[in-house]
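# Structural features, examined
Below, each chain spelled out in residue letters.
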Amino acid sequence: MDYIEKAVRVFDLEIAELQRLRGRLGESFARAVDLIKKTVEGRGKVIVLGVGKSGHVGAKIAATLTSTGSPAVVLDSLNALHGDLGVVADGDIILALSYSGETEELLRILPAITRFQVDVIAMCGAANSTLAQNCDVLLDVNVEQEACPL
């Protein structure tokens with residue numbers, strides 16, 4: 001097995017997808033940054049939602065935001081409707097991650113957060129998904145080919 005060849009292939013695939021993503025940067029990205037900035041300046045926090053791998057990615061995003069001075073918390077999608085929505089307040093912002101945009105546990109939370117004055121930024125790979133259709137800003141993270149088939 002040629003590990004160097006495999007590693008080069010992974011890098012090439014990742015570089016290609018990053019270039020595709022760079023080409024999609026636009027008004028929605030700028031709006032998402034502005035909303036997060038406005039939230040932090042207003043003493044609000046970023047509430048990060050995600051399930052499975054998206055949840056792990058979201059936890060890393062929340063940790064990075066917090067370590068750079070932007071308050072962020074992870075809201076466990078499974079426990080949100082059982083009392084954990086108490087972490088959400090007017091003026092916060094929701095960052096919802098779901099590649100399919102159809103993650104049931106995450107979608108169940110959307111109606112409950114409408115009682116708060118919050119914007120929802122979705123990081124999603126499916127522009128026609130339920131999540132994408134029910135957010136204020138969509139960040140398209142679609143990929144044509146994953147580096148790993150698993």
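Residues numbered from 1 in each chain as written. Predicted model: local features only at pLDDT ≥ 70, side-chain atom pairs only at ≥ 80, totals over all residues. Heavy atoms only, no water.

### Examining the nonpolar core
Formed by 20 residues in total, the largest nonpolar core has its most connected members in Leu85, Val88, Ile94 and Ile113. In terms of residue count, helix H5 (residues 110-113) provides more of this core than any other element does, 3 residues in total. Not counting the four nearest positions on each side in its chain, leucine 85 is found in contact with Leu75, Ala80, Ile109, Ala112, Ile113, Arg115 and Phe116. Core analysis: the next-biggest nonpolar cluster, separate from the first, contains 13 residues, Ala32, Ala72, Leu95 and Val137 among them. (Core = buried A, V, L, I, M, F, W, Y, C linked by side-chain atoms within 4.5 Å. Buried < 20%, exposed > 50% of the residue type's maximum accessible area, 1.4 Å probe, protein only. Helix = DSSP H or I, 4+ residues; strand = E, 2+ residues; numbered from the N terminus. Contact = heavy atoms within 4.5 Å.)

### Some thoughts on the side chain of threonine 39
Within the secondary structure, threonine 39 is located in helix H2 (residues 27-41). Given the relative accessible area of 9%, threonine 39 is considered buried.

### Considering the sheet that holds strand E3 (residues 93-98)
Taken together, 5 strands build an open sheet; the order of strands is E2-E1-E3-E4-E5 and the sheet is parallel. Among the strands making up the open sheet, the edge pair consists of strand E2 (72-74) and strand E5 (137-140). Each strand of the sheet is rotated relative to its neighbour by a mean of 20 degrees, with strand direction disregarded. In the sheet, strand E4 (residues 119-124) pairs with E5 via 4 bridges, with the strands oriented parallel. (Pairing = 2+ DSSP bridges. Axes fitted to C-alpha atoms, helices over the stretch in contact; angles between N-to-C directions.)

### Looking at the environment of valine 118
Looking at where valine 118 falls in the secondary structure, it is placed in the loop between H5 and E4. It is 28 Å that separates the C-alpha atoms of valine 118 and glycine 23, two residues lying 95 residues apart in sequence. Ignoring anything within four residues of it in the chain, the contact list for valine 118 reads Val88, Ala89, Gly91, Asp92, Ile94, Ile113 and Asp136.

### Overview of the environment of valine 88
Turning to its location among the elements, valine 88 is positioned in the loop between E2 and E3. Along the primary structure valine 88 and proline 71 are separated by 17 residues, whereas in three dimensions their C-alpha atoms are 12 Å apart. Ignoring any residue separated from it by four or fewer positions in sequence, one finds valine 88 in contact with Ile47, Leu75, Ile94, Phe116 and Val118.

### Quick word on helix H3 (residues 53-67)
Along an α-helix, a turn takes 3.6 residues, which lines up residues three or four apart on a common side. Taking 1.5 Å per residue, 15 residues should reach 21 Å; H3 reaches 21 Å between its end C-alpha atoms and fits that length. Within H3, the full set of buried residues consists of Ser54, Gly55, Gly58, Ala62 and Leu65. Axial view of H3: buried residues confined to an arc of 95 degrees, hence all on one face. Relative to its buried face, H3 has exposed residues pointing more than 90 degrees away, namely Lys53, His56, Lys60 and Ser67. Buried residues belonging to H3 abut strand E1 (46-50), E2 and E3. (Expected span 1.5 Å × (residues − 1). Arc of directions from axis to C-beta.)

### Focus: the pattern of salt bridges
Close approach of charged atoms allows side chains of opposite charge to pair. On inspection of all chains with the given rule, the structure shows 6 salt bridges. Ionic pairing is found between arginine 20 and glutamate 144, a salt bridge with its closest N-O pair at 3.3 Å. Of this pair, arginine 20 sits in helix H1 (residues 3-24) while glutamate 144 is found in the segment after E5, placing the two residues 124 residues apart along the sequence. Taking relative accessible area as the criterion, arginine 20 reaches 26% and is therefore assigned partly exposed. In this structure, aspartate 140 and arginine 24 form a salt bridge, with 3.3 Å as the shortest nitrogen-oxygen distance. With a gap of 116 residues between them, aspartate 140 in strand E5 and arginine 24 in helix H1 connect regions that are remote in the sequence. Residue arginine 24 is classed as partly exposed on the basis of its relative accessible area of 26%. (Salt bridge = Lys/Arg side-chain N within 4 Å of Asp/Glu carboxyl O.)

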